[in-house]
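Okay, here's what each chain looks like letter by letter:
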Amino acid sequence: MISLKQLHYALAVEKTLHFKKAAEMCNVSQSALSTAINEFEKQLGFSVFERNNKHVLVTGDGQPILDKAKKVKLEFDELLLLSQSNKEPFSRPMTIGVIPTIGPYLLPKVLPEVRKQYPNFKLRIQEDQSHILVDKLRAGEIDAAILALPYPIEGLMGFDFWQEDFYWVCHKDERPSKVNEITSEELEIDKLMLLKDGHCLKEHALAACSLQNKKQDTDFDSASLHTLIQMVAGKLGTTLVPQMALDQLTHNESELTAIHLNEPGPHRTISLVIRPNYVRTNELSILKDIFTKQLSQKCDGN
């Protein structure tokens, strides 16, 4: 009979495409893993993996089996969580993914309070881009993902906990006089610097300014808001910063000034995204409430 252990080993081989690395991932010897995979394939009646001394590949017959194995493992993991759902909140570890344009600005504001209320909670954070986190969430590799919406999350559920606008940041010498609000029509688009393609923050900023169809003529390619802020401080251009990040990015930059972007908002929504049948929704609701309260207190007046 095919066992969960065999499925676990096979999925590790699929992920690493290397028997030794898969064995290390599963904390077993390579011979034990190879034996289990061989027995797995014998029971199926065909090869799941094609291997030689240099390469491991998934066969055409093997891929549907591994796809189904992922679903079986995910359901089994959910079963274990469900059996423990009557325990105290946050008595078990949780892994949450977060995108780079949220993590550095959200986590310092909310984690101290989470730690204060639940000192024994073992929270693991994975930082990556939205599409990677969505794939990991669907595969059951993480419990939830903190994403900026709008973003395609078909088949998943979102618990919104924060809405915010963008602020236009410029050098104080370039600030228009007696202006406390600015519209997209008043921005000098040629001087506006945004993150490189692939970051949803760029898409949200362009959408807020109704600039989706306008091409920027720029000589830089930044993946960091910190880098953009330093460039603004050097009078190389201007940028747009979400409210959540404003204090950290401009606190020590006396040469900079920030003006609210006066366009219909909110310009982006921050959400805890989960699988529809995820069984720890009560705990995520607690986190959501903590996040909202802390952000309301610490972002007020930006």
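You'll find the structure just up there.
Keep in mind it's a predicted model, so treat the numbers as computed, not measured. (Residues numbered from 1 in each chain as written. Predicted model: local features only at pLDDT ≥ 70, side-chain atom pairs only at ≥ 80, totals over all residues. Heavy atoms only, no water.)

J.: Quick one: what's the story with the pairing of strand S5 (residues 144-149), residue by residue and with numbers?
T.: When you tally the buried positions in S5, you get six out of six residues, the bulk of the element. A two-sided burial pattern is seen for S5, the buried positions comprising Ala144, Ile146 and Ala148 on one face and Ala145, Leu147 and Leu149 on the other. By the bridge criterion, three bridges tie strand S3 (residues 94-98) to S5 in an arrangement that is parallel. Its bridge partner being in S5, Ile96 is matched across the sheet by Ala144. Where S5 lies against strand S12 (residues 268-274), five bridges are found, and the strand directions are antiparallel. Opposite Ala145, over in S12, you have Val273 as the bridge partner. (Buried < 20%, exposed > 50% of the residue type's maximum accessible area, 1.4 Å probe, protein only. Helix = DSSP H or I, 4+ residues; strand = E, 2+ residues; numbered from the N terminus. Pairing = 2+ DSSP bridges.)

J.: Could you give me a rundown of helix H3 (residues 30-44), with the residues and numbers involved?
T.: An ideal rise of 1.5 Å per residue puts 21 Å on 15 residues; H3 measures up with 21 Å between its terminal C-alpha atoms. Residues of H3 that are buried: Leu33, Ser34, Ala36, Ile37, Phe40 and Glu41. Across the axial projection of H3, the buried residues extend over an arc of 165 degrees, all falling on one side. Relative to its buried face, H3 has exposed residues pointing more than 90 degrees away, namely Thr35 and Lys42. Two residues or fewer after H3 comes Gly45, characterised by a positive phi angle close to 90 degrees. (Expected span 1.5 Å × (residues − 1). Arc of directions from axis to C-beta.)

J.: Please set out the packing of aromatic side chains residue by residue, giving values where relevant.
T.: Counted according to the given criterion, the structure contains four aromatic pairs. Taken together, a centroid distance of 6.3 Å and an interplanar angle of 80 degrees make the contact between Phe19 and Phe49 edge-to-face. One end of the pair, Phe19, is in helix H2 (residues 19-26); the other, Phe49, is in strand S1 (residues 49-51), with 30 residues separating them in the sequence. The buried category is assigned to Phe19, whose relative accessible area is 9%. Judged by its relative accessible area of 2%, Phe49 falls in the buried class. Ring geometry for Phe161 versus Phe291: centroids 5.2 Å apart, planes at 65 degrees, classification edge-to-face. Of this pair, Phe161 sits in strand S6 (residues 157-164) while Phe291 is found in helix H10 (residues 281-298), placing the two residues 130 residues apart along the sequence. A relative accessible area of 4% means that Phe161 is categorised as buried. (Phe/Tyr/Trp six-rings, centres within 6.5 Å; stacked < 30°, edge-to-face > 60°.)

J.: A description of empty space enclosed by the protein should follow, citing residues and the corresponding values.
T.: Rolling a probe over the atoms, with the probe sized like a water molecule, indicates the empty space that remains. Taken as a whole and assessed by the stated rule, the structure comprises one cavity of 30 Å³ or more. Approximately 40 Å³ is the volume attributed to the largest cavity. Taken together, Phe166, Leu194, Leu195, Leu201, Lys202, Ala205, Leu225, Leu228, Thr239 and Leu240 form the lining of the largest cavity. Among the secondary structure elements, those contributing two or more residues to the lining of the largest cavity are helix H7 (200-208), helix H8 (225-233) and strand S10 (238-242). When residues in the lining of the largest cavity are grouped by element, the largest group, three residues, is from H7. The residue makeup of the lining of the largest cavity, split by class, is eight nonpolar, one polar and one charged. (1 Å grid on protein atoms, 1.4 Å probe; cavity = no way out; pocket = protein on both sides within 12 Å on 5 of 7 lines; lining within 4 Å. Points joined across faces, edges and corners; volume = space filled by probe spheres on them. Nonpolar A, V, L, I, M, F, W, Y, C, P; charged D, E, K, R; others polar.)

J.: Describe the environment of Lys293, and please don't skip the residues or the numbers.
T.: With respect to the helices, strands and loops of the structure, Lys293 is situated in helix H10. Here Lys293 falls in the exposed class, since its relative accessible area comes to 52%.

J.: Outline the layout of surface pockets, supporting the account with residue identities and numerical values.
T.: A volume near 960 Å³ is recorded for the largest pocket. Looking at the largest pocket, it is lined by 29 residues, and the ones nearest its centre are Lys73, Asp77, Ala139, Gly140 and Glu141. Among the elements of the structure, helix H1 (4-16), H2, helix H4 (62-83), S3 and strand S4 (123-127) are those that each provide at least two residues to the lining of the largest pocket. Per-element tally for the lining of the largest pocket: the top contributor is H4, with seven residues. Of the residues in the lining of the largest pocket, the class split is 11 nonpolar, five polar and 13 charged.

J.: Describe the sheet that holds S6, with residues and values.
T.: An order of S4-S3-S5-S12-S6 is seen for the five strands of this open sheet, with the pairing classed as mixed. Because the sheet does not close on itself, it has two edges, and the strands there are S4 and S6. The sheet shows a mean angle of 25 degrees between the axes of neighbouring strands, taken without regard to direction. Helix H5 (residues 103-117) contacts S3, S4, S5 and S6 of the sheet and is inclined by roughly 165 degrees relative to S4. Together, S3, S5, S6 and S12 form the strand contacts of H10, whose direction differs from that of S6 by roughly 5 degrees. (Axes fitted to C-alpha atoms, helices over the stretch in contact; angles between N-to-C directions. Contact = heavy atoms within 4.5 Å.)

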